[in-house]
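Structural characterization, general
Here are the chains, one letter per residue:
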Protein chains: 2
Amino acid sequence: MRISSPEALDLAALLLRQRGVPPAHADLQAAVLVGAERKGHPSHGLQRLPRLLLRIERGLIDPAAEGAFVWRAAAFLSGDGENGLGPVVGEKAIGLLAERIGETGIAVAAVRNANHLGMLAHYVETIAAHGCIGLALSSSEALVHPHGGTRALLGTNPVAVAVPVADAPPFVVDLATSVVSMGKVHHYAATGAPLEPGWAKDADGRPTTDATQAKAGAIAPFGGAKGYALGLAFELLVAALADSVLAPDVAGTLDAERPCNKGDVFIMIDAARSPGVAQRLAAYLDVLRASPPETAGVPVSVPGDGARRRAERADQDGFEIAPALLATLHDLSRAGCPA
Amino acid sequence: MRISSPEALDLAALLLRQRGVPPAHADLQAAVLVGAERKGHPSHGLQRLPRLLLRIERGLIDPAAEGAFVWRAAAFLSGDGENGLGPVVGEKAIGLLAERIGETGIAVAAVRNANHLGMLAHYVETIAAHGCIGLALSSSEALVHPHGGTRALLGTNPVAVAVPVADAPPFVVDLATSVVSMGKVHHYAATGAPLEPGWAKDADGRPTTDATQAKAGAIAPFGGAKGYALGLAFELLVAALADSVLAPDVAGTLDAERPCNKGDVFIMIDAARSPGVAQRLAAYLDVLRASPPETAGVPVSVPGDGARRRAERADQDGFEIAPALLATLHDLSRAGCPA
């Protein structure tokens, strides 16, 4: 069944306000969840809301917290998220970077103890809206096995990059360094569909295409040894900058039992000031789009184009939501806050 | 046939000095080329030297130049490489970043018009030797097709990351975002071995396993859509920061006819100051190494371990060099500089 974006935003914000989330924080958290739905990534959308509400009710999320930040050096912002909502702490960090970027040209924020950020694209788009290049990295629970290994020891270690281009929305990449998300594995398990070979191992480390077995096992890194190497580099980078724990000790992005102790890193860079650069990038992306495709009728795509098209469509026609999820959200809304 | 590292260093430095390269620059360029050989990456080693010498003789490389740098902002160093040797300009940039890092915590250098850097690992290792996290990116000629496309429009867009860890050499990743290097394709063509399916397209954009056909065509990005997305993000990042051209307009890293106009980006970041972090990272890497492997007897590897083992072995026993290449280098040495 379909729901319009404004209706989804109102419902999500209401649910959050009912549990004591300040209105501005509720609107931001709702916008990040609905933004993922609009872009066609329901794994980072409203299905995360019931657990998020439960975490608030249990005191695992402090909905008023915005994080405590200190400039460790002129361009290095260090933050403790103080169990705040991920988007609230993330946006606060980026706002502080934006105040400094004119002076330093590049600045980094490293944050620990904030809750789940949702889709990283949101944050690099915020940075790009300042005319800057944005990078975002975040750590997570151990779900991914090393290349040549069998045990879930790495996070999905997502990365997002945005680069402003002329006369168009920014170029945006947002991807996990796992071959597939654990959300997708759960979706396959729910529908009984087999996974593709090579995607996962079971709890004993054996290759499996059974999604139910894979849920207790590990997902492969994307792109073999190279994807493993990059994902591991991002994992170490986040822990080293945020002083946060490594994947096997991360909790709180998926459960409703433990505080969230992962790390987040945001890097903001002033792009080259030569006026020609943004035009050059835009023209180059158009050359890619117009280049001969591998399959006739399937044009070469630039990362982010698909998400943008889906979001535009969602703004016209709304987006699909599972009836059971919508019913749960309405029930939670009628119940108000049990606390 | 084998050559010792000191012998190779002496020969390479002599060849460079014979062509007017200042001794310190010659030693550094030789160390970067021989370093790649020691790590087992001859594609970035001495086989590049004859062309490099030719570029010096033709005035395409200014062997005395160290680049002209300006701090565009407190933590943003902008450089024109002035056709200098890649390692000379790169090390100069990193030295300037190192002077600033205590004040700013993060700093970036974006450089255009320097010659080929060689293996990026060298530069992030230099940064790690300052106790900092290093990232290096460099652009290149168009050799890689977009995912879903057929034409060589992207560079191989290599990336290197180093993260210091306690009581051990730093963690180092250095990889191209192509599934295979063009150097390897040339090697397959020379030996007549077939490429793996999916690695390359021919000049007409058709899939090919014929390395000779692939040389005139395009290599695939690694890891499908995700690797394409990351490689493209790096490509845009370098051009946007260095104000350099995009891959289709890059020249001078492979030929001996044109000035080198690609871009290089170095990022230096002060790691977390909590004393526990470097220990935590080292312990985590050991957990990965000791984890159950996919194939019995083939331990899980951490990126950089193999290169380090090969370098240690080379320091004991020397490394393999093709007799024809060694003969060419000796001939060039006897000839001195024709200019």
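Conventions adopted
- Residues numbered from 1 in each chain as written.
- Chains lettered and ligands numbered in written order.
- Predicted model: local features only at pLDDT ≥ 70, side-chain atom pairs only at ≥ 80, totals over all residues.
- Heavy atoms only, no water.
- Helix = DSSP H or I, 4+ residues; strand = E, 2+ residues; numbered from the N terminus.
- Expected span 1.5 Å × (residues − 1).
- Buried < 20%, exposed > 50% of the residue type's maximum accessible area, 1.4 Å probe, protein only.
- Pairing = 2+ DSSP bridges.
- Contact = heavy atoms within 4.5 Å.
- Buried area = accessible area lost by both parts, 1.4 Å probe.
- Salt bridge = Lys/Arg side-chain N within 4 Å of Asp/Glu carboxyl O.
- Right-handed = clockwise from strand over helix to strand, strands pointing away.
- Domains from an automatic or database assignment.
- Arc of directions from axis to C-beta.
- Polar contact = N/O pair within 3.5 Å; in protein donor to acceptor, adjacent residues only side chain to side chain.
- Axes fitted to C-alpha atoms, helices over the stretch in contact; angles between N-to-C directions.
- Parallel < 35°, antiparallel > 145°, perpendicular 65-115°, else oblique.
- Nonpolar A, V, L, I, M, F, W, Y, C, P; charged D, E, K, R; others polar.
- Least-squares fit on C-alpha atoms with pLDDT ≥ 70 in both.

1. Re helix H8 (residues 224–242) of chain A
Residue and element names in this part refer to chain A. Helix length check: H8, at 19 residues, gives a terminal C-alpha distance of 27 Å against a target of 27 Å (1.5 Å per residue), a fit within 8%. Most of H8 sits out of view: 16 of its 19 residues are buried. Looking one or two residues past H8, Asp 243 carries a phi angle of roughly 55°, positive in sign.

2. So, the sheet that holds strand E10 (residues 218–219) of chain B
Spatial ordering of the open sheet is given by E9-E8-E10 (chain B), a layout of three strands whose pairing is antiparallel. Each edge of the sheet is formed by a strand with only one pairing partner; in this case those strands are strand E9 (207–208) and E10 of chain B.

3. Here's the deal with the interface of chain A and chain B
Where interface size is given, it is often the accessible area lost as the parts come together that is meant. Chain A puts 74 residues into the contact, and the matching count from chain B is 74 residues. Overall, the association of chain A and chain B removes approximately 6,000 Å² of surface from exposure, summing both partners, and the carbon and sulfur fraction of that is 72%. Linking chain A to chain B there are four salt bridges. Of the charged contacts in the structure, one is a salt bridge between Arg280(A) and Asp243(B), with a shortest N-O distance of 2.9 Å. Ranked by residue count, the leading element in the side of chain A that touches chain B is H8(A), at 13 residues.

4. Thoughts on the pairing of strand E4 (residues 106–112) of chain A
All names here are of chain A. Among the seven residues in E4, six count as buried, and that is most of the element. Bridge count between strand E3 (residues 76–80) and E4: five bridges; the pairing is parallel. Bridging across to E4, Gly 79 finds its partner in Val 111. A crossover connection joins E3 to the parallel E4 through helix H4 (residues 86–104); in handedness this β-α-β unit is right-handed. With seven bridges joining them, E4 and strand E11 (residues 263–270) adopt antiparallel strand pairing. Each residue of the ladder has a partner; that of Ala 110, found in E11, is Val 265.

5. Looking at the domain arrangement of chain A
All names here are of chain A. If you check the domain split of chain A, you get domain 1 (2–60 + 318–335) and domain 2 (68–270). Spacing between the C-alpha centres of domain 1 and domain 2 amounts to 21 Å. Taken together, the 16 residues of domain 1 in the interface contact 24 residues of domain 2. Buried area between domain 1 and domain 2, both sides added, is near 1,700 Å², and the carbon and sulfur share of it is 62%. When the area that domain 1 buries against domain 2 is broken down by residue, the three leading residues are Val 32, Arg 55 and Leu 60, summing to 33%. Where domain 1 packs against domain 2, one counts three salt bridges. The salt bridge partner of Lys 39 is Glu 125, with a shortest N-O separation of 2.9 Å.

6. A look at helix H9 (residues 276–289) of chain A
In a regular helix each residue adds 1.5 Å, so 14 residues correspond to 20 Å; H9(A) covers 20 Å between its end C-alpha atoms and thus fits that length. Looking only at H9(A), the buried set comprises Val277(A), Leu281(A), Ala282(A), Tyr284(A), Leu285(A) and Leu288(A). One side of H9(A) holds all its buried residues, which, seen down the axis, span an arc of 160°. Where the residues of H9(A) are buried, they touch strand E6 (159–163) and strand E7 (171–175) of chain A together with helix H8 (224–242) of chain B.

7. Structural notes on the environment of Thr126(A)
For Thr126(A), the location among the structural elements is in helix H5 (residues 121–128). Separated by 2.9 Å, the side chain of Thr126(A) and the backbone oxygen of His122(A) make a polar contact.

8. Description of the packing of helix H3 (residues 49–57) of chain A against helix H11 (residues 323–335) of chain A
All names here are of chain A. Following both chains from N to C, one finds H3 and H11 inclined at 30°, their axes separated by 10 Å at the closest point. Here H3 lies roughly parallel to H11, going by the angle between them. Here Leu 49, Pro 50 and Leu 53 of H3 lie close against H11, whose contacting residues are Leu 325, Thr 328, Leu 329 and Leu 332. In terms of residue class, the contact of H3 with H11 is made up of six nonpolar, one polar and no charged.

9. What about unusual backbone geometry?
Here Glu82(A), not a glycine, exhibits a phi torsion of approximately 50°, which is positive. Although it is not a glycine, Asp167(B) adopts a positive phi angle of roughly 55°. Looking at where Asp167(B) falls in the secondary structure, it is placed in the loop between strand E6 (159–163) and strand E7 (171–175).

10. Things to note about the relation of the copies chain A and chain B
Superposing chain A onto chain B takes a rotation of 180° combined with a translation of 0.0 Å along the rotation axis, leaving an RMSD of 0.0 Å. As the rotation angle and translation indicate, the two copies are arranged about a two-fold axis. Among all residues of chain A, the one whose C-alpha sits closest to the rotation axis is Gly223(A), at a distance of 1.8 Å. Mapped onto chain B, 100% of the interface residues of chain A are again interface residues, and the two copies thus contact each other with one and the same surface.

11. Brief notes about the environment of His145(A)
All names here are of chain A. Residue placement: His 145 occurs in the loop between strand E5 (132–138) and E6. Spatially, the C-alpha atoms of His 145 and Lys 39 are 28 Å apart, while their sequence positions differ by 106 residues. The residues touching His 145, leaving out its near neighbours within four places in the chain, are Thr 150, Arg 151, Ala 152, Leu 154, Lys 201, Ala 218, Ile 219, Ala 220 and Pro 221. Within polar-contact distance, the side chain of His 145 engages the backbone oxygen of Gly 149 at 3.3 Å.

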